[in-house]
Amino acid sequence: MELHSDRRDDRFHWLALERLPRAGPLTIARLIEAFGSPQRALEASADEIILRARLKSRTAYAVAACRVDSDEIRKDMDLLDKMGVRVITRWDAEYPIRLKEIYDPPALLFVRGQFAEEDARCCAVVGTRTPTRYGIEMTERITRGLVAANITIASGLARGIDTACHKTAVKAEGRTIGVLGCGVDVVYPRENARLMDEMASLGAVVTEFRPGTVPHPTNFYRRNRIISGLSQGVLVVESGLRSGSLITARHALDQNRDVFAVPGNVMSAGSSGPHWLLKQGAGLVESAEDIIEALYPTVSRTPQPVREKAQQTNLFDGAADQADLSEAEALIMGVLDLEPVPFDVICESLGMEAGKLSGLLLELELNGLVRQYPGKFFSRSSDTNGGVSTLP
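Hey, could you run me through the sheet that holds strand β3 (residues 122-126) in this one?
Two pairing modes exist for strands in a sheet, parallel and antiparallel, and in both the strands are linked by backbone hydrogen bonds. What the nine strands build is an open sheet, ordered β1-β2-β6-β5-β4-β3-β7-β8-β9; its pairing is mixed. The strands lining the two open edges of the sheet, one partner per strand, are β1 (85-89) and β9 (283-284). Alignment of β1 against strand β2 (residues 108-113), held across five bridges, turns out to be antiparallel. Its bridge partner being in β2, Val85 is matched across the sheet by Arg112. Here helix α12 (residues 244-254) sits on the sheet in contact with β3, β7 (233-236) and β8 (258-261), set at roughly 155 degrees to β7.

As structure tokens, this is what we get:
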């Protein structure tokens, strides 16, 4: 087939090769191995493709007969340049080593940000899009511990557990990689636009799908194999039995990765997936240390802040150390628990004017003592001491 490149770089031919019908990662790999470059593969006849790439005749004739829209490719290249997105191929030195090990590594990756050598120490954290408060708390706690151990966090940038682990890693200034089930120019979910920008500066946002690809459900199955492929282990926090998180766990097993799960409330539907995995032999995780000891026993860890050490020694101490709180703030902390409480209930319990209460809750939230949830619900934060009984 004949294609006319604008010769800006070899990306033109790679992007053309990616558009060929019936040409997935394995087919593209055969073409490159047979012809040495995407341009030569694109120029080959059907007979040459059958003979040298050992492809079935139906696929070979479909590839040879394909006519790719050059204008579309140039538009994509302009968009990628504008966004600062690089195209990394499976044959490039900066392609993640661990991802190359899987059965069908993507031929191309569209990358915002940078891969780094330390990404070889990577753990995926995945879970439901509708987590409980417990699931969010455990995700944040475990992610902080992994980041402190200089371990990269990979996930799928979906709502819920995925977003929680990415945000926690960014807040801790750790490396995190988000894998999309759509084009790199498509923000999905929309509320994660700012998060994606922050991740690109501290890690990478990647996809194997060309620009403009919408988040079709089948894309996420392919996306999940990349999440596990980048990682040495996959942690499932909360999920149902038919969730994408369990698909990621299955990919992990097929790729000879370790699978971990966080146990939960047996009455919660979100615990069914992790509990099923635990019954199948997944590693039980109560803290980041469980993963670190299993995967990276020799990795150096950043010392925990003094405040966190103090917290760990007072896990079940019910007496609040509120020496630095005002009397009104101490009263509010006395009403709050780890489970979210409606604003109206707090107001009624304290007999406090709503405006004053709002100001004090905001101050406590800014100090990390209180967390706010949708619908004006508030709880104590397990990130602080303050007499809060936290999970080990």
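Help me understand the pattern of salt bridges in this model?
Side chains bearing opposite charge may pair, as long as their charged atoms lie close to each other. The full count for this structure, using the stated rule, is 16 salt bridges. Across the pair Asp119 and Arg175 runs a salt bridge whose closest N-O atoms are separated by 2.7 Å. Remark: Arg175 occurs in the loop between α9 (161-171) and β5 (176-179) and Asp119 occurs in the loop between β2 and β3; sequence separation between them is 56 residues. Overall, Arg175 belongs to the buried group, its relative accessible area being 18%. Arg371 is the partner of Glu137 in a salt bridge, and the nearest nitrogen-oxygen pair spans 3.1 Å. Linking Glu137 in helix α8 (residues 133-148) with Arg371 in strand β11 (residues 370-373), this pair joins segments that are 234 residues apart in sequence. Grouping residues by exposure puts Glu137 and Arg371 together as buried.

So what exactly am I meant to see when it comes to the packing of helix α11 (residues 217-230) against α12 here?
The geometry of a pair of packed helices is captured by two quantities: the angle between their axes and the separation between those axes. Closest axis-to-axis distance for the α11/α12 pair is 8 Å, and the angle between their directions is 50 degrees. The orientation of α11 relative to α12 falls into the category oblique. For the pair α11 and α12, the sense of crossing is right-handed. Judged by residue contacts, Tyr221, Asn224, Arg225, Ile227 and Ser228 of α11 engage Gly244, Ile247, Thr248, His251 and Ala252 from α12. Of the residues contributing to the contact of α11 with α12, the split by class is four nonpolar, five polar and one charged.

Rules and cut-offs
- Residues numbered from 1 in each chain as written.
- Predicted model: local features only at pLDDT ≥ 70, side-chain atom pairs only at ≥ 80, totals over all residues.
- Heavy atoms only, no water.
- Pairing = 2+ DSSP bridges.
- Helix = DSSP H or I, 4+ residues; strand = E, 2+ residues; numbered from the N terminus.
- Contact = heavy atoms within 4.5 Å.
- Axes fitted to C-alpha atoms, helices over the stretch in contact; angles between N-to-C directions.
- Salt bridge = Lys/Arg side-chain N within 4 Å of Asp/Glu carboxyl O.
- Buried < 20%, exposed > 50% of the residue type's maximum accessible area, 1.4 Å probe, protein only.
- Parallel < 35°, antiparallel > 145°, perpendicular 65-115°, else oblique.
- Left-handed = near helix turned anticlockwise from the far one by under 90°.
- Nonpolar A, V, L, I, M, F, W, Y, C, P; charged D, E, K, R; others polar.

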